[in-house]
Amino acid sequence: MDWLDRVAKLRRWTNNGVRAPHKPLLLLYALGSYQRDSGGELRYSAVEEELKRLLTEYGPTHPTTPAYPFHHLVSDGVWEVRTDQGPGSPGSGVGLLRSSGATGRLAPGLRAALAKESSLLSRLTRVLLDTHFPPSLHRDLCEAVGLDLELAETESVHGADAAARRQRDRRLRELILTAYEFQCAFCGYDGALGASTVGLEAAHVRWWSHDGPDEVDNGLCLCSLHHKLFDKGVLGLGENHRIRVSQRFVGRSEASRQHVLALADRPVIGPQPDAPKIATPHREWHDRQVFHGPARTPVGSPAHAT
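The structure displayed is predicted, hence computed values, not measured ones.

1. Side note on the overall build of the protein
Piece 1. The secondary structure content of the protein amounts to 15 helices and ten strands.
Piece 2. Within the protein, buried positions represent 46% of all 306 residues.
Piece 3. If you take every contact in the protein between residues at least 6 apart in sequence, the share linking residues at least 24 apart comes to 67%.
Piece 4. Summed over all atoms, the accessible surface of the protein reaches about 15500 Å², with 50% contributed by carbon and sulfur.

2. Considerations on helix α2 (residues 22-36)
Think of an α-helix as 3.6 residues a turn; residues three or four steps apart then line up on the same face.
Piece 1. Between its first and last C-alpha, α2 extends 22 Å over 15 residues, near the 21 Å set by a 1.5 Å rise per residue.
Piece 2. α2 sits mainly inside the fold: 14 of its 15 residues count as buried.

3. Things to note about the packing of aromatic side chains
Piece 1. A full pass over the atoms with the stated rule returns four aromatic pairs.
Piece 2. A centroid spacing of 5.4 Å and a plane angle of 85° characterise the contact between Phe70 and Trp79, whose relative ring orientation is edge-to-face.
Piece 3. Residues Trp207 and Trp285 carry aromatic rings whose centres are separated by 5.8 Å and whose planes lie at 65° to one another, so their mutual orientation is edge-to-face. In this pair, Trp207 sits in the loop between β7 (200-204) and β8 (219-223) while Trp285 sits in helix α14 (residues 280-289), placing the two residues 78 residues apart along the sequence.

4. Some words on helix α3 (residues 44-58)
Piece 1. Here α3 contains 15 residues, and its C-alpha end-to-end distance of 19 Å stays within 8% of the 21 Å for a straight helix at 1.5 Å per residue.
Piece 2. Most pronounced at Glu50, the bend in α3 amounts to some 30°.
Piece 3. For α3, the complete set of buried residues consists of Tyr44, Val47, Glu48, Leu51, Leu54, Leu55 and Tyr58.

5. What about unusual backbone geometry?
Piece 1. Residue Pro271 is reached from Gly270 by a cis peptide bond, and omega for that bond is 5°.
Piece 2. Position of Pro271 relative to the elements: it lies in the loop between α13 (254-259) and α14.
Piece 3. Backbone geometry places Phe182, a non-glycine residue, at a positive phi of 55°.
Piece 4. Locating Phe182 in the fold gives a position in the loop between α11 (172-179) and β5 (192-193).

6. A look at the sheet that holds strand β2 (residues 79-83)
Piece 1. Strand order in the open sheet made by the four strands is β1-β4-β2-β3, with antiparallel pairing throughout. A single partner strand is all that each edge strand has here, and the edge strands are β1 (42-43) and β3 (86-87).
Piece 2. Inspection of the sheet shows β1 paired to strand β4 (residues 103-106) by two bridges, in the antiparallel sense. Residue Arg43 lies in a different strand from β4, and its bridge partner there is Thr103.
Piece 3. Contacting β1, β2 and β4, α2 runs over the sheet at an angle of about 80° to β4.

7. Let's talk about the pattern of salt bridges
Piece 1. Going through the model one piece at a time under the given rule, you end up with 15 salt bridges.
Piece 2. Between Glu80 and Arg105 there is a salt bridge, with its nearest N and O atoms 3.0 Å apart. With a gap of 25 residues between them, Glu80 in strand β2 and Arg105 in strand β4 connect regions that are remote in the sequence.
Piece 3. Assessed through its relative accessible area of 21%, Arg105 is described here as partly exposed.
Piece 4. A salt bridge links Arg139 to Glu143; its shortest N-O distance comes to 3.8 Å. Note that Arg139 and Glu143 are positioned in helix α8 (residues 135-144) at a spacing of four residues, about one turn of the helix.
Piece 5. For Arg139, a relative accessible area of 40% translates into the label partly exposed.
Piece 6. Taken together, the salt bridges that share partners define one network made up of Glu41, Glu80, Arg105 and Arg111.

About the thresholds
Residues numbered from 1 in each chain as written. Predicted model: local features only at pLDDT ≥ 70, side-chain atom pairs only at ≥ 80, totals over all residues. Heavy atoms only, no water. Helix = DSSP H or I, 4+ residues; strand = E, 2+ residues; numbered from the N terminus. Buried < 20%, exposed > 50% of the residue type's maximum accessible area, 1.4 Å probe, protein only. Contact = heavy atoms within 4.5 Å. Areas by Shrake-Rupley, 256 points an atom, 1.4 Å probe, with all protein chains shown as cover. Expected span 1.5 Å × (residues − 1). Phe/Tyr/Trp six-rings, centres within 6.5 Å; stacked < 30°, edge-to-face > 60°. Bend = angle between axes of the 7 residues up to and from the residue. Pairing = 2+ DSSP bridges. Axes fitted to C-alpha atoms, helices over the stretch in contact; angles between N-to-C directions. Salt bridge = Lys/Arg side-chain N within 4 Å of Asp/Glu carboxyl O.

Such coordinate-based values are descriptive only and should not be taken to indicate function.
Shown next as structure tokens:
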């Protein structure tokens, strides 16, 4: 069985070119669930709200329901559904899926293939992401479904040893964005599309790959631009909770001056009074390992004038 080919060719509902990533989103969610618990099942009534949020944030603009892929993904041979009465889906009706106690999980053959071939999970994930979503959404989407792609890709090289590694807490993004009141801690950007934030990300201060914990005191809510610059070492944090800008950064345009250079020594926005600020050890790690110091003197200061 060529599982990669089967996943790449998922049958999708189409209507005048409207994007319909319902099945890919459910399958990504199921792969994330499998990575955490290979024997677990997903009860529709328990995961319905999470699947709705995924469809709202990453799906089409028109209203939709997770009942559709939960039922119809069975026809692609990668998914199975059972009810309290036994094998088989009761249909695509929301009420039927709830009342019948419907549960779903990856098809037996796919689960067996994943257990046999450690690299298959990451390869399937890449196919789904590359086929259905732009690269700018891949990271956020993996976090949203609880899928640690880094772990999956490492397992293909190191096998069982990597399975013992920590798994990320997929609640962290919501916790950090809430702590910073859904605005960039550096520039205050707070854009949203309907009820969903747009361009805001939860940034680790000490990187996950270098033992950074999934805690609010190791996170910042940053817009996409400042997240990238923070991870690149253009931006950093001072011990007084003020923003540092690298002297090595050069930007001659008004946009560079406004969005980067003007941040020098500006106080970080947030977090809320009851939320923890960045822990000193994490800030110091970023300063040593990531930030390209020394920091610029803020425009208008006496030191800058000299």
